[in-house]
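Residues per chain, in single letters:
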Amino acid sequence: MRKIYILVFTLLVSSYASAGEVSATGEVGKIQYFSTANTLTTTWQGGLWFQIIEPDNNICVDNLVSIDPDNDIAISILLAAKMAGNSISVTVDESVKYPHVGVGFCKLQNLTIN
């Protein structure tokens, strides 16, 4: 009986651990960057967020995704997709927020130009 409890517990924990990861494909909408010298919204200093327009799967709050300040590669890929008019696919972990837990948008985990 003890092995059954351990098995059930393990299954519950493993499903909870991956429960926040979701993916969506859509067009790049609004992009907003915050200067590192920004004094109005200091929590976003150097940060960036973007919106996915008409996604195949709704993610996060209003399909808004954040990118860490030092992730120049992701920012470059995002801008290239926007300028080329290509759709993107993103993966986020809805339990990980930037700039802060509970206050930010879902943090980008993976970005692909389609």
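Residues numbered from 1 in each chain as written. Predicted model: local features only at pLDDT ≥ 70, side-chain atom pairs only at ≥ 80, totals over all residues. Heavy atoms only, no water.

Caption draft 1: Representation of the overall build of the protein within the structure. Across its full length, the protein holds two helices and five strands. When the helices and strands of the protein are placed in sequence order, the string is α-β-β-β-α-β-β. Scored against the burial criterion, the 114 residues of the protein give a buried share of 35%. Across the protein, contacts joining residues at least 24 apart in sequence account for 57% of those joining residues at least 6 apart. About 7200 Å² of surface is accessible on the protein, with carbon and sulfur atoms providing 58% of the total. (Helix = DSSP H or I, 4+ residues; strand = E, 2+ residues; numbered from the N terminus. Buried < 20%, exposed > 50% of the residue type's maximum accessible area, 1.4 Å probe, protein only. Contact = heavy atoms within 4.5 Å. Areas by Shrake-Rupley, 256 points an atom, 1.4 Å probe, with all protein chains shown as cover.)

Caption draft 2: Local environment of the pattern of salt bridges. What the rule picks out here adds up to one salt bridge. Two residues, K107 and D68, come together in a salt bridge whose shortest N-O distance is 3.3 Å. Linking K107 in strand 5 (residues 105-113) with D68 in the loop between strand 3 (64-67) and helix 2 (72-84), this pair joins segments that are 39 residues apart in sequence. Classification of D68 as partly exposed rests on a relative accessible area of 26%. (Salt bridge = Lys/Arg side-chain N within 4 Å of Asp/Glu carboxyl O.)

Caption draft 3: Highlighting the packing of aromatic side chains. Inspection of every chain in the model, using the stated rule, returns four aromatic pairs. With centroids separated by 5.6 Å and ring planes inclined at 45 degrees, the aromatic side chains of W44 and F105 adopt a geometry described as tilted. Highlighted residues: W44 in the loop between strand 1 (21-33) and strand 2 (48-53) and F105 in strand 5, separated in sequence by 61 residues. There is no split in this pair, since W44 and F105 are both buried. Ring geometry for W49 versus F105: centroids 5.6 Å apart, planes at 75 degrees, classification edge-to-face. One end of the pair, W49, is in strand 2; the other, F105, is in strand 5, with 56 residues separating them in the sequence. According to the relative accessible area criterion, W49 is buried, its value standing at 10%. Joined through ring pairs, the aromatic side chains of F34, W44, W49, Y98 and F105 make up one cluster. (Phe/Tyr/Trp six-rings, centres within 6.5 Å; stacked < 30°, edge-to-face > 60°.)

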